[in-house]
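Descriptive analysis of the structure
Here's the letter readout for the chains.
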Protein chains: 6
Amino acid sequence: MLFITKSVEFSASHRLYNPEWDFQKNQEVYDKCNNPNGHGHNYVLEVTVKGKPNPDTGYVIDLKKLKDILVKKVLIHLDHKHLNVDVDFLKGVIPTVENISVLIWDIVKPHITDGELYKLKLYETPNSWVEYYGEPVEIKRFGNEQ
Amino acid sequence: MLFITKSVEFSASHRLYNPEWDFQKNQEVYDKCNNPNGHGHNYVLEVTVKGKPNPDTGYVIDLKKLKDILVKKVLIHLDHKHLNVDVDFLKGVIPTVENISVLIWDIVKPHITDGELYKLKLYETPNSWVEYYGEPVEIKRFGNEQ
Amino acid sequence: MLFITKSVEFSASHRLYNPEWDFQKNQEVYDKCNNPNGHGHNYVLEVTVKGKPNPDTGYVIDLKKLKDILVKKVLIHLDHKHLNVDVDFLKGVIPTVENISVLIWDIVKPHITDGELYKLKLYETPNSWVEYYGEPVEIKRFGNEQ
Amino acid sequence: MLFITKSVEFSASHRLYNPEWDFQKNQEVYDKCNNPNGHGHNYVLEVTVKGKPNPDTGYVIDLKKLKDILVKKVLIHLDHKHLNVDVDFLKGVIPTVENISVLIWDIVKPHITDGELYKLKLYETPNSWVEYYGEPVEIKRFGNEQ
Amino acid sequence: MLFITKSVEFSASHRLYNPEWDFQKNQEVYDKCNNPNGHGHNYVLEVTVKGKPNPDTGYVIDLKKLKDILVKKVLIHLDHKHLNVDVDFLKGVIPTVENISVLIWDIVKPHITDGELYKLKLYETPNSWVEYYGEPVEIKRFGNEQ
Amino acid sequence: MLFITKSVEFSASHRLYNPEWDFQKNQEVYDKCNNPNGHGHNYVLEVTVKGKPNPDTGYVIDLKKLKDILVKKVLIHLDHKHLNVDVDFLKGVIPTVENISVLIWDIVKPHITDGELYKLKLYETPNSWVEYYGEPVEIKRFGNEQ
């Protein structure tokens, strides 16, 4: 087995807060990430596919195709957007880097037909990131998004 | 003369649009940067001070002091903020990386008392940045901020 | 399960030598790393915590808390220090990047109460690093530190 | 167990094409990577060795020795070469980053006598890379190299 | 005045040799860069435009437009190409990073109509690069390209 | 004119203190950089040479030669050394990044015979660096080095 990765970027804004808590409680938990008008990041998304190289092409997956999937199925929804309000698949979800990763997985997964989606790595800053391998995780979806 | 630089980071959101133009015109000029709910970046700010090293310290400027100035006078206003609405010194200004740089200069300048402020470099993404040396530049301040 | 990581930095000096060997033998094994007056590095420490995101916060662990643990429990002992002589938990230990990693693990481990410490990655230079997952490793502690 | 890694670089050119296919088919599969005169990359090769640190040295493997192996056994064949025509161990192989990784493994493996070769990571660009752990993979060797 | 920069990348191969010299002389001067089948790099091109921000847009130049110019006028000729044989504007030129920079300048210059082309920076590797500000430089064009 | 740069690295330790001051005063000025046993960094040194490319080679200066000069004349003295005590040309000098830069200039300058030494850039950390263009600077040399 080999693991091949493509890295792409998007720029987005978000606010971290739990709509069931008051401002004070949100401030204690999220501090400056709870700024009501939001803040933003240059996210880096690394997508890893696992598989055997096709002997005729030498490719596990054509990275041009993988990038195309990421652009058309993921980045189009996230790049230059406000993650709390502009993104259907994040509606009502607290857009932590953990939750975003889990929900990107569900979008990318069915499109990987050469090899198998193995891992997502999502950087919120160069010093903070999540890795996710697809194990089911409960994500709470609140009725009241921002 | 030597030139010494400190690099710091902040995460912020913004929207690029000219309030005197309609949505269509803003869309033509700013495209996805005109997303009404904004988007964001991890900005990197590099501040360069020019001077001779003090023979007794070997320092042009103590970088701990320079960082302290940047944290207390600049980052406190910009980090985890929405640049269009949360920042007094950007009120009514289109928060392009060019305009932000010029206005940060005016804030930092009077606090540099060892050596002289020489240059600001502001990265909006790892692939896009501005350098500014303090030459006066006209920045339009619109009456109607977002 | 998700894996979330925080990266921090410290600058330190060290000398690699085995006090039971003569200078010649140390020179053969450690070469320039055996320079008697030491040398130094900008270390980068990446700490990964494994867990499920708390549905109410969307956090596996609050990265502000994780960073706070790293600053107060690890960096305070290592940053701007000589690893052979200034650091209690490294006394008598040859401060290779392997040994330092194992001993940082023991310090960080009990403080991770949201999720579970999963991995440490310690860069000595941008081109050399260790990854450690907590499997017990014998570290020799010499009676005669530098 | 610890995992220690050394990173090295080489610059090489290659062309991706399957000699059993006509130009049109190669163009469909490899697009611009099929440019007949080739193109090139600055490759980064990260080699990870797994083992326990030797209590007397604190080393899993001496990274100077590991680098020496990589320079003398791998880089000498690949650096500043055309991978399709200049490299014996790649003769007749489509030099995708997948295939190159697998064949570098076979060369490095027997030389690692302290610890055990655990992983190769090969970057073709800063945004595209492969990870390989030595699981046997079929690599097709065509009779007709470029 | 402000200076705004866009960074783009291309992957190409080349061979350094002077066709008026024999192989031995070329080997002495260019060493492994003279490999007859060529080698390659991931080049990074940073293009800096100097100007005042337009008060109505806050832009010196729209970086989307600048990138578009670079893609359509420069990268289309260089990306995934062999610089000695595939590129009209480099025909007969020894494709050192110096010479390539000077000739890219001539191509980009007339297309910059907002602000003024100020500087090109071209990385051949992360450790080697050229900066060029447009001062006329003699580039020898040999009758006999590879 | 073109400006061509080579980047190299060295790892060293140092202590910042003025031997004419008591410990308390040094602590106030240098804080943790005054740790008596020193601390260290991975320094990055970028050396820029200015000149016209030789029409016969396309080189301003052969970067292999430039690197060779840096290794043999600079790095041999600084890499894996304690800058306060192991380095003749720094004896009695407070080894701030400013002072080191100025004194490296004097060593490199006479060896650059193709083109002209234009600039040194010395990183102490990825977030702190000095640029120096050779303008004479007074460096105090204390009689009493560590």
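Quick look at the interface of chain C and chain A
The partner chain A presents 25 residues to the 19 residues of chain C that form the contact. Carbon and sulfur atoms supply 54% of the area that chain C and chain A bury against each other, a total of about 1,900 Å² over both sides. Among the residues chain C hides against chain A, the three largest losses belong to Met1, Leu2 and Asp56 of chain C. Together they make up 27% of the total. Our count for the contact surface shared by chain C and chain A stands at 1 salt bridge. Between aspartate 56 of chain C and lysine 140 of chain A there is a salt bridge, with the nearest N and O atoms lying 2.7 Å from each other.

Focus: the nonpolar core
Core analysis: the biggest nonpolar cluster contains 116 residues, and Ile104 of chain E together with Ile104 of chain F have the highest contact counts within it. Residues Leu45 of chain A, Leu122 of chain C together with Val47 and Leu120 of chain D belong to the second largest nonpolar core, which totals 115 residues.

Overview of the relation of the copies chain A and chain B
Expressed as a screw transformation, the operator carrying chain A onto chain B has a rotation angle of 180° and an axial translation of 0.0 Å, and the superposed copies differ by an RMSD of 0.0 Å. The transformation relating the two chain copies, once decomposed into turn and shift, fits a two-fold axis. With an isologous cut-off of 70% or more, the 100% of interface residues of chain A that recur at the interface of chain B puts this contact in the isologous class.

Quick notes on the pairing of strand β5 (residues 128-132) of chain F
Where a strand is regular, its side chains alternate between the two sheet faces. Counting buried residues along β5 of chain F, 5 of its 5 residues qualify, which places the element largely inside the surrounding structure. Alternating positions in β5 of chain F separate into two faces, Ser128, Val130 and Tyr132 of chain F on one and Trp129 and Glu131 of chain F on the other, with burial throughout. The pairing of strand β1 (residues 2-14) of chain B with β5 of chain F spans 5 bridges and is classified as antiparallel. Residue pairing for β5 of chain F: phenylalanine 3 of chain B is matched across the bridge by glutamate 131 of chain F. Between strand β4 (residues 116-125) of chain F and β5 of chain F, which pair antiparallel and follow one another directly, the connecting turn spans 2 residues.

What about the relation of the copies chain C and chain A?
It takes a turn of 120° to lay chain C on chain A, together with a shift of 0.0 Å along the axis; the resulting RMSD is 0.0 Å. Taken together, the rotation and translation describe the operation of a three-fold axis. For chain C, the residue whose C-alpha comes nearest the rotation axis is proline 126 of chain C, separated from it by 8.4 Å.

Section: the interface of chain A and chain B
Of the residues lining the interface, 23 residues belong to chain A; the matching set on chain B comes to 23 residues. Buried area between chain A and chain B, summed over both chains or domains, comes out near 1,700 Å², and the portion from carbon and sulfur atoms is 45%. Summed over the three residues of chain A that lose the most area to chain B, namely Asn37, Asn42 and His80 of chain A, the buried surface amounts to 34% of that side. At the junction of chain A with chain B, the criterion picks out 2 salt bridges. Contributions of two or more residues to the side of chain A that touches chain B are made by β1 (2-14), β2 (39-51), β3 (81-82) and β4 (116-125) of chain A. The residue makeup of the side of chain A that touches chain B, split by class, is 4 nonpolar, 13 polar and 6 charged.

Notes on the packing of helix α2 (residues 63-78) of chain B against helix α3 (residues 97-108) of chain B
Residues and elements named next belong to chain B. Running from amino to carboxyl end, α2 crosses α3 at an angle of 145°, the nearest separation of the two axes being 10 Å. Of the two elements, α2 crosses α3, and the hand of that crossing is right-handed. Facing Leu70, Lys73, Val74 and Leu78 of α2, the residues of α3 in contact are Ile104, Ile107 and Val108. Grouping the constituent residues of the contact of α2 with α3 by class yields 6 nonpolar, no polar and 1 charged.

Regarding the side chain of lysine 119 of chain C
All names here are of chain C. Looking at the secondary structure, you find lysine 119 in strand β4 (residues 116-125). Side chain to side chain, lysine 119 and glutamate 131 meet in a polar contact 2.9 Å long. If we skip the residues at most four places from it in the chain, lysine 119 touches Glu46, Val47, Thr48, Trp105, Glu131, Tyr132 and Tyr133.

Thoughts on helix α2 (residues 63-78) of chain E
Approximately 40° is the largest bend angle found in α2 of chain E, and it occurs at valine 71 of chain E. Tucked into the core, α2 of chain E has its buried residues touching β5 (128-132) of chain B together with β1 (2-14), β2 (39-51), β3 (81-82) and α3 (97-108) of chain E. You can read the cap of α2 of chain E off the contacts: a side-chain oxygen lies 2.9 Å from the backbone nitrogen of lysine 64 of chain E, and it is on aspartate 62 of chain E. Once α2 of chain E finishes, histidine 80 of chain E follows within two positions and takes phi at roughly 60°, a positive value.

Examining the confidence of the model for chain A
Mean pLDDT over chain A: 97, with 98% of residues reaching 70 or higher. Here the predicted complex carries an ipTM of 0.95, next to a pTM of 0.97.

Rules behind the numbers
Residues numbered from 1 in each chain as written. Chains lettered and ligands numbered in written order. Predicted model: local features only at pLDDT ≥ 70, side-chain atom pairs only at ≥ 80, totals over all residues. Heavy atoms only, no water. Contact = heavy atoms within 4.5 Å. Buried area = accessible area lost by both parts, 1.4 Å probe. Salt bridge = Lys/Arg side-chain N within 4 Å of Asp/Glu carboxyl O. Core = buried A, V, L, I, M, F, W, Y, C linked by side-chain atoms within 4.5 Å. Buried < 20%, exposed > 50% of the residue type's maximum accessible area, 1.4 Å probe, protein only. Least-squares fit on C-alpha atoms with pLDDT ≥ 70 in both. Helix = DSSP H or I, 4+ residues; strand = E, 2+ residues; numbered from the N terminus. Pairing = 2+ DSSP bridges. Nonpolar A, V, L, I, M, F, W, Y, C, P; charged D, E, K, R; others polar. Axes fitted to C-alpha atoms, helices over the stretch in contact; angles between N-to-C directions. Left-handed = near helix turned anticlockwise from the far one by under 90°. Polar contact = N/O pair within 3.5 Å; in protein donor to acceptor, adjacent residues only side chain to side chain. Bend = angle between axes of the 7 residues up to and from the residue. pLDDT = per-residue confidence, 0-100.

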